[in-house]
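Structural overview for review
Here is what each chain is made of, one letter per residue.
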Amino acid sequence: MRPVRACRGGKRRSAMRRQPREQQQSGRVLPGAVGALCRALPSRARPAPDTLRRARFDRPQASLDFWRLLYALLKQIHGGKWAESDAIGNQIRFVKSTLWYHGYGRPELYRLPSDGSAGSRELLLAFSWLLHRLSLLEQLLARNRVKTGDEASVCTCEDDLPNSQKGPTEIAPEYGPEDRVDVRYLQWLNGRLRFQWRSLHAQHQEQCKLLYKIHLFTSGSHMDKTLGHFSVTETDLIRQPGNYKQLLQLLESETMQLEAFLEWKQREPVYWQWMETVLDNMAEEGNPCESQDAHVERSGLPEVTSCCPWADSLTEHIGRLSRDLMTLRDQLQKLVMHRKAAWCEKVKTRKEELQKEGFPATARKIQESVELKLQDLTCLCAPRKNRAHGSCRLVLRSEHPVSKSGWGRSVSQEPVPAASAAEVIRELQMREASLGRELKQLREECRQRLDQIAEGLDGVICVSP
Amino acid sequence: MSIVTVQLGQCGNQIGQEVFNAVCADVRGTHGLCSKKENESYRDACKERFFREEESEVPVARAVLVDMEPKVISQTLSIAARSGCWKYDDRSHFCQKQGSGNNWANGYSVHGPRHKEAIMNLVQKEAEKCDRLGGFFTIMSMAGGTGSGLGAFVTRCLRDAFPTSFILNHVIWPYGTGEVIVQNYNSVLTLSHLYQSSDALLVHENDVIHKICAQLMNIKQISFRDVNQVIAHQLGSVFQPSYTAEGGSRYSRNPLGDLMETLVPHPEFKMLGLRNIPQMPENSLAYSTFSWPGLLKHLRQMLIANAQMEEGIDWQVRPPRPGFSIPSSHPTNKPLHFNTSIANLVILRGKDTHSVDLGKKEKHTYIHQYTKFGIEEEDFLDSFTALEQVISSYTLL
């Protein structure tokens with residue numbers, strides 16, 4: 001698949017050379033490809049093939065439709081609910097900020113007017129970029145599958161973006177002394193959160209129990225022998241057979257989408273060739289304007305980032321992280337040298353001591369503590385093996401308690417191999433243990449800091465919990 | 001959505017039995033106010049909450065009975081079985097031969113650790129039989145030895161074993177002129193320990209219930225059974241299924257969670273009080289009519305005047321004092337006369353609750369909540385911090 005190049009000072013290609021070939025091939029095959037593409041999109045965000053054709057010629061009537069299409073698609077990707085009645089201004093703002101978040105760097109799109117009156121060709125380009133860059137179709141197909149009800153989500157990833165390293169300036173409260181929030185109110189809210197979490201936990205446990213019951217009671221009844229038992233949806237269908245029509249409809253539309261997707265995959269190259277012509281046309285037309293708009297571009301972009309707060313903080317984080325990384329590396333090098341020297345001294349003295357005392361007991365203790373420390377380190381530094389992430393289907397097997405066969409949300413050609421629940425549980429327990437140790441350490445640090453502060457105050461005795 | 005009840009000591013076991021009685025009677029009662037479907041779903045929800053179906057014909061209460069003397073437990077079991085509508089599980093009880101002699105330390109430090117495993121085994125079995133464990137409800141008195149000392153220990157074990165469950169402790173406040181001499185010590189020790197492990201403490205005062213019996217229910221010779229029945233009635237009104245605040249077509253699947261979330265999220269303020277109207281003997285129900293505005297007006301008056309009954313409200317309404325006084329060692333001293341509760345939760349039952357206007361906020365729902373941040377809450381917490389040092393020396397018994 002040929003990637004779509006961002007057009008910043010792109011090479012000029014003579015479009016003349018391409019046209020005869022294009023006219024021969026795409027006359028027949030292109031409408032088919034575009035049609036398949038449109039059919040493969042989910043029903044609520046399905047454009048007419050005509051819209052794409054009109055956009056290619058930059059017809060203004062197609063702009064509004066295209067904005068709405070992008071809005072619907074991106075909202076689905078980001079898991080949000082949308083109302084078609086959202087004002088077009090809001091929709092456009094959302095699309096621009098999401099594109100920015102995903103790294104779309106073509107300034108012409110961000111300069112398009114917010115009433116949706118022009119720019120359909122730019123939008124076509126953005127759409128194709130999303131298709132390729134985000135694997136839009138695959139994501140949407142995965143998201144809109146008919147649910148079996150047996151899904152469980154698995155995430156053994158490390159936490160990203162630790163925000164514990166905020167500088168002191170950021171903690172400075174924005175409230176003045178009048179607006180200070182009562183700490184009791186915060187405790188109240190925290191307590192509510194805790195209780196709600198507990199209720200959620202109880203609900204999860206109940207769901208697990210009931211799912212287990214369903215699987216157990218229907219085992220041996222399924223036609224597919226590898227599964228062996230019914231899923232929740234199938235069981236529900238047995239209890240309420242009147243719903244079969246709805247289920248059938250859903251399955252049929254999903255099948256149709258999948259077939260369209262397969263067709264699209266075969267005809268894709270034609271589409272990308274077509275997009276190249278679009279790009280070439282824009283390169284020819286667009287170059288004169290680029291130089292004078294260079295400074296406008298810088299002023300235009302902040303307006304976009306203001307409505308995309310998470311992208312803003314991301315870039316900040318990245319800058320800060322890279323600076324921290326450099327300083328940390330230097331510090332580490334110095335530390336390592338110091339530590340090595342000190343350690344050699346220690347080892348020498350300890351060796352002499354040990355030769356006098358009994359060896360085995362102390363050796364065992366040392367070994368245990370070292371293992372503990374190493375465990376944490378190895379977990380942190382271990383190369384990222386395949387972290388299970390995404391949703392899986394739970395399948396009850398008789399030999400092992402529960403195993404899973406999964407196909408994750410990430411785009412991979414083959415399904416994620418089956419993992420047994422026991423393994424995942426073990427991994428999660430290790431992670432829990434290491435987090436527990438980290439928590440203990442942080443608590444110790446807090447306690448020491450509190451003690452230090454309390455020493456400074458007169459007449460205050462700090463009783464720690 | 002099930003609640004496991006742990007009945008501790010003589011008081012706890014007797015009250016627990018009355019509670020199940022009241023719940024069972026409510027389930028079987030027919031008053032024809034709601035549609036049949038609603039009745040059925042109410043009954044199902046109620047049954048799932050407190051009972052479980054076994055091979056026997058009658059539902060079995062989800063309860064664990066604990067006492068140091070065998071007498072009360074065997075009485076409780078037999079009364080329940082005789083009722084014919086429900087019974088206890090024959091194996092879900094634990095008792096010993098000797099009592100605790102009203103000694104808190106005996107219950108907490110001696111009996112507790114010794115029998116911890118047996119008791120927790122019973123609780124665990126009961127909990128596993130629930131499809132969804134809604135939480136634990138423990139009933140105990142604060143004056144005696146078993147209920148208070150062992151109860152505090154059991155609560156702590158429950159918290160250790162089920163860190164993510166809700167635990168509601170129901171404690172009976174002893175009479176002011178109590179029958180046990182060391183009841184003040186027992187009470188304070190119990191409360192301070194319960195405060196750490198439990199999520200909420202619901203307090204019923206013997207004095208108040210006694211007054212209710214005397215004045216409202218017109219009972220001449222008040223026996224413990226009458227007192228327990230009033231308490232059971234009040235508890236029933238709280239724990240019976242009701243709709244959630246999000247409005248109502250289903251009974252709440254998380255009663256303890258909802259209760260706690262609205263009332264006691266703050267870790268320091270865990271005490272709950274209960275006000276119930278109307279309270280009257282069964283026979284006069286037929287002769288009285290109620291209207292929602294009248295009932296609510298009474299309820300509000302009771303809240304404001306901090307009274308426990310509709311009658312005899314002390315109308316000297318004073319705002320709370322800005323400072324707090326260190327009370328005497330008698331902990332039942334509560335000189336507050338204003339509604340200084342942190343949060344209020346109103347549960348309404350009956351016909352036409354949709355049109356009830358609760359005044360401050362108009363919501364046509366079954367459960368309505370409005371939260372005020374009181375300047376002070378019960379004097380009690382302050383007595384804790386003052387007496388903690390005293391307490392620590394007793395625990396070394």
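Shown above is the structure to which this text applies.
These figures come from a predicted structure and were not determined experimentally.

**Focus on the overall build of chain A**
- The secondary structure content of chain A amounts to 15 helices and 4 strands.
- The burial tally for chain A puts 28% of its 465 residues in the buried class.
- Across chain A, every contact between residues at least 6 apart in sequence was considered, and the portion connecting residues at least 24 apart equals 67%.
- Accessible surface, chain A as shown: approximately 32,000 Å² in total, 57% of it carbon and sulfur.

**Overview of unusual backbone geometry**
- The phi dihedral of D58(A) is positive, around 60°, even though this residue is not glycine.
- Position of D58(A) relative to the elements: it lies in the loop between helix 2 (49–56) and helix 3 (61–77).

**Regarding the environment of H111(B)**
- Of note, H111(B) is situated in helix 4 (residues 104–128).
- Expressed as a C-alpha distance, the spacing of H111(B) and G149(B), which sit 38 residues apart in the sequence, is 8.8 Å.

**Observations concerning the packing of aromatic side chains**
- Evaluation of the coordinates by the stated rule reveals 15 aromatic pairs over all chains.
- Their ring planes at 55° and their centres at 5.7 Å tell us that F20(B) and F51(B) sit as a pair that is tilted. With F20(B) in helix 1 (residues 9–28) and F51(B) in strand 2 (residues 51–52), this residue pair connects regions lying 31 residues apart in the sequence. Neither F20(B) nor F51(B) differs from the other in exposure class; each is buried.
- Counting every residue linked through ring pairs, the aromatic cluster contains F20(B), F50(B), F51(B), W86(B) and Y88(B).
- When the ring centre of F195(A) is taken as reference, the NZ or CZ atom of R194(A) above it lies at 5.5 Å.

**Things to note about the nonpolar core**
- If you look at the biggest cluster of nonpolar residues, it comprises 50 residues, and the most contacted ones within it are L52(A), F66(A), L99(A), F127(A), L131(A), L136(A) and Y271(A).
- Not counting the four nearest positions on each side in its chain, F66(A) is found in contact with T51(A), L52(A), A55(A), L123(A), L124(A) and F127(A).
- Counting residues in hydrophobic clusters, the runner-up holds 43 residues, among them C46(B), V227(B), V230(B) and I231(B).

**Here's the deal with helix 7 (residues 136–143) of chain A**
- Those residues of helix 7 of chain A that sit buried are L136(A), L137(A), L140(A) and L141(A). Viewed end-on, helix 7 of chain A has its buried residues packed into an arc of 125°, placing them on one side of the element.

**Focus on the pattern of salt bridges**
- All chains considered together, the criterion is met by 17 salt bridges over all chains.
- Notably, a salt bridge pairs R132(B) with E206(A), separated by 3.1 Å at the nearest N-O pair. Placement of the pair is R132(B) in the loop between helix 4 and strand 6 (133–141) and E206(A) in helix 9 (residues 183–217), with the two residues belonging to separate chains.
- Measuring nitrogen to oxygen at the nearest pair gives 4.0 Å for the salt bridge that ties D89(B) to K129(B). On the criterion of sequence distance, the pair formed by D89(B) in the loop between helix 3 (70–83) and strand 5 (93–95) and K129(B) in the loop between helix 4 and strand 6 is long-range, its members being 40 residues apart.
- Taking the relative accessible area as the measure of exposure, K129(B) reaches 39% and is therefore partly exposed.
- Sharing partners across several salt bridges, the network here consists of R52(B), D89(B), R91(B), E126(B) and K129(B).

What counts, and at which threshold
Residues numbered from 1 in each chain as written. Chains lettered and ligands numbered in written order. Predicted model: local features only at pLDDT ≥ 70, side-chain atom pairs only at ≥ 80, totals over all residues. Heavy atoms only, no water. Helix = DSSP H or I, 4+ residues; strand = E, 2+ residues; numbered from the N terminus. Buried < 20%, exposed > 50% of the residue type's maximum accessible area, 1.4 Å probe, protein only. Contact = heavy atoms within 4.5 Å. Areas by Shrake-Rupley, 256 points an atom, 1.4 Å probe, with all protein chains shown as cover. Phe/Tyr/Trp six-rings, centres within 6.5 Å; stacked < 30°, edge-to-face > 60°. Lys NZ or Arg CZ within 6 Å of the ring centre and 35° of its normal. Core = buried A, V, L, I, M, F, W, Y, C linked by side-chain atoms within 4.5 Å. Arc of directions from axis to C-beta. Salt bridge = Lys/Arg side-chain N within 4 Å of Asp/Glu carboxyl O.

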